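Residues per chain, in single letters:
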Amino acid sequence: MAESGASALTPTPRTPAHAPASRSSLARAEQFVWLTARVLEQRLFAYHFRGGDAGPVETALDAYRNEDGGYGHGLEPDLRGPVSRPPHAARALRVLDALGRCGGQRVERMCRYLTSASTPDGALPAAPPEGDGYPAAPSGPVVDRPPGELLATGPVVGLLHRNEVWHAWLFRATDFCWRAAESLRTPHPYEVEAAVAFLDAVPDRPRAEAAADRLGRLVRDQRLAVLDPDDLGAHPVSSGRAPREHHFPHDYARHPHSLARAWFTDAEMTRSLDFLAAEQEDDGGWPLRRPRRAPAPALEARPAVTLEALRTLRAYGRALG
């Protein structure tokens, strides 16, 4: 496993191409958000970076909530239509977690929805069922009863544990995530991200640390992270992924306290964060590495990706301006 220190990482000087010298990264991102983002992401930007209140964020999020306790209406841009789906619930939980308001009756109702949407072993399906009738980004074969996957279940279970939410469904879902995370042998990068989201928050810390250590060795052995962004050709993307769909250390370790941070040296993490900072485009937003099937989902996804990039850089102490 890579050796890493707890000290702050010193960035390597690098300026994004064509970046206006007179405007900070944060100011350019703010302009992009106000020009392109949905109300939800506008309110989230104001909350995270301009001292905005949490209430307006919750109000914007409520527009996506359904009577069954789940969320729909394109909250996750890749899934269109009004019906509740687990990926929408995962995004809603990330918003509520960021606000420190992931609890109460709203989350209790969401857990009831998750129970109804889960498979018998407590897992959540990532893909909509056949005959759903609404557009979705292609994610594999469409079947009548899609199987539960770590990809959909891990982030949800991790967020609920992080906020000390307890519900009967969570016991089965946690058992599923343990089995799935500890049995990964040739994972794709998004499965690794989901496993990390689970392991970072599950209460059994010794078991989580052991599972994360094994997973980190897989990531390095199977070259699932680009350790030198200047040599992307040495790290081919996973099968079935887009040419730009590389994964970097910061994709796994979104904050310095993540278990995945120990997978990478300080130098590797610094190069990764330098690359992330330099990815900011001329319009102030960050690019989509994962392709979208239509213009609207792509337009709606970029502000969220931009917010994630800003929060990751700030978590590691990078100056945003």
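The rules behind each value
- Positions within a chain are numbered from 1, following the residues in the order the chain's sequence is written.
- The predicted nature of this model means local features are confined to residues of pLDDT at least 70 and side-chain atom pairs, given and counted, to a pLDDT of 80 or more, with totals for whole chains, interfaces and linings taken over all residues.
- For side-chain calculations, the full set of non-hydrogen atoms in the structure is used, while hydrogens and water are omitted.
- Here a strand is any run of E in DSSP of at least two residues, a helix any run of H or I of at least four, and the numbering for each starts at the N terminus.
- The buried label goes to any residue with under 20% of its type's maximum accessible area, the exposed label to any with over 50%, and the partly exposed label to all in between, with areas taken from a 1.4 Å probe on protein chains only.
- Two residues qualify as a contact provided that any one of their heavy atoms is within 4.5 Å of a heavy atom in the partner residue.
- Here the nonpolar core consists of buried residues drawn from Ala, Val, Leu, Ile, Met, Phe, Trp, Tyr and Cys, with membership extended through side-chain atoms lying within 4.5 Å.
- Here, a salt bridge means any Lys or Arg side-chain nitrogen found within 4 Å of an Asp or Glu carboxyl oxygen.
- Counted as a polar contact is a pair of N or O atoms within 3.5 Å, where, for protein atoms, one must be capable of donating a hydrogen and the other of accepting one, and residues adjacent in sequence contribute only when both atoms are in side chains.
- What a helix is expected to span follows from its residue count: subtract one and scale by 1.5 Å.
- Centres within 6.5 Å make a pair out of two Phe, Tyr or Trp rings, where for Trp the six-membered ring is used; the pair is then stacked when the planes are under 30 degrees apart, edge-to-face when over 60, and tilted otherwise.
- A ring is scored as having a charge over it whenever the NZ atom of a lysine or the CZ atom of an arginine sits within 6 Å of its centre and within 35 degrees of its normal.
- Taking the helix axis as origin, the arc is that swept by the directions to the C-beta atoms.
- Fitting a line to C-alpha atoms yields each axis, with helices limited to the stretch in contact; the angle taken between N-to-C directions then spans 0 to 180 degrees.
- Note on angle classes: values under 35 degrees are labelled roughly parallel, values over 145 roughly antiparallel, values of 65 to 115 roughly perpendicular, and the remainder oblique.
- Throughout, a crossing is termed right-handed when the near helix is turned clockwise from the far one, and left-handed when it is turned anticlockwise from it by less than a right angle.
- Only Asp, Glu, Lys and Arg are considered charged in this grouping, and only Ala, Val, Leu, Ile, Met, Phe, Trp, Tyr, Cys and Pro are considered nonpolar; every other residue, Gly among them, is considered polar.

Caption draft 1: Here's a closer look at the overall build of the protein. Counting its secondary structure elements, the protein contains twelve helices and zero strands. From first element to last, N terminus to C terminus, the protein shows the α and β order α-α-α-α-α-α-α-α-α-α-α-α. Buried residues in the protein amount to 51% of all 321 residues. For the protein, restricting intrachain contacts to residue pairs at least 6 apart in sequence, the fraction spanning at least 24 positions comes to 65%.

Caption draft 2: Representation of the nonpolar core within the structure. With 79 residues, the main nonpolar core has L114, L160, W169, Y252 and W263 as its most contacted residues. Broken down by element, this core gets its largest block of residues, eight residues, from helix α7 (residues 168-182).

Caption draft 3: Representation of the pattern of salt bridges in the model. By the definition in use, this model includes 22 salt bridges. Where R106 meets E58, a salt bridge forms, and the shortest distance between an N and an O atom there is 2.4 Å. Here R106 is found in helix α5 (residues 104-117), whereas its partner E58 is found in helix α3 (residues 55-62), with 48 residues between them in sequence. The class for E58 is buried, based on a relative accessible area of 12%. A salt bridge links E281 to R302; the shortest N-O distance between them is 3.3 Å. Taken together, the positions of E281 in the loop between α11 (266-278) and α12 (295-315) and R302 in helix α12 put the pair 21 residues apart, joining distant regions of the chain.

Caption draft 4: Examining the side chain of R261 more closely. By the secondary structure assignment, R261 is in the loop between α10 (249-252) and α11. Classification of R261 by relative accessible area gives buried; the value is 6%. A polar atom in the side chain of R261 sits 2.5 Å from the side chain of D266.

Caption draft 5: View of α11. For α11, which comprises 13 residues, the first-to-last C-alpha distance of 18 Å matches the rise-based estimate of 18 Å (1.5 Å per residue) to within 8%. Contact partners of the buried residues in α11: α9 (205-221), α10 and α12.

Caption draft 6: Examining unusual backbone geometry more closely. The phi angle at H73 is positive, at roughly 60 degrees, despite the residue not being glycine. In this structure, H73 sits in the loop between α3 and α4 (86-99). Classification of H73 by relative accessible area gives partly exposed; the value is 39%. Although it is not a glycine, E164 adopts a positive phi angle of roughly 55 degrees. Note that E164 resides in the loop between α6 (150-162) and α7.

Caption draft 7: Representation of the packing of aromatic side chains in the model. Scanning all chains against the criterion turns up six aromatic pairs. Here the aromatic residues Y252, W263 and F264 are joined through ring pairs into a cluster of three or more. Positioned above the aromatic ring of W178 is the side chain of R207, whose terminal nitrogen or guanidinium carbon lies 4.1 Å from the ring centre.

Caption draft 8: Up close: α9. Its 17 residues give α9 an end-to-end C-alpha distance of 24 Å, which sits within 8% of 24 Å, the value for a rise of 1.5 Å per residue. Turning to α9, its buried residues number three or more, namely A208, A211, A212, L215, G216, L218 and V219. Buried residues in α9, looked at end-on, bunch into an arc of 155 degrees, giving them a common side. Pointing more than 90 degrees away from the buried face of α9 are the exposed residues P206 and D221.

Caption draft 9: Quick peek at the side chain of R318. For R318, the position within the fold is in the segment after α12. At a separation of 2.9 Å, a polar atom in the side chain of R318 contacts the side chain of D274.

Caption draft 10: View of the environment of P303. Assignment of secondary structure puts P303 in helix α12. Take P303: its relative accessible area is 0%, and that puts it in the buried class. Taking the C-alpha atoms as reference points, P303 and E41, separated by 262 residues in sequence, lie 6.6 Å from one another. The contact partners of P303, leaving out residues within four places of it in the chain, are F32, T36, A37 and E41.

Caption draft 11: A look at the packing of α11 against α12. Put simply, α11 and α12 touch, their axes get as near as 10 Å, and they point 140 degrees apart. When the axes of α11 and α12 are compared, the pair comes out oblique. Both α11 and α12 take part in a crossing whose hand is left-handed. Contacts between α11 and α12 involve L273, L276 and A277 on the former and, on the latter, A309, T312 and L313. For the contact of α11 with α12, the per-class residue count stands at five nonpolar, one polar and no charged.

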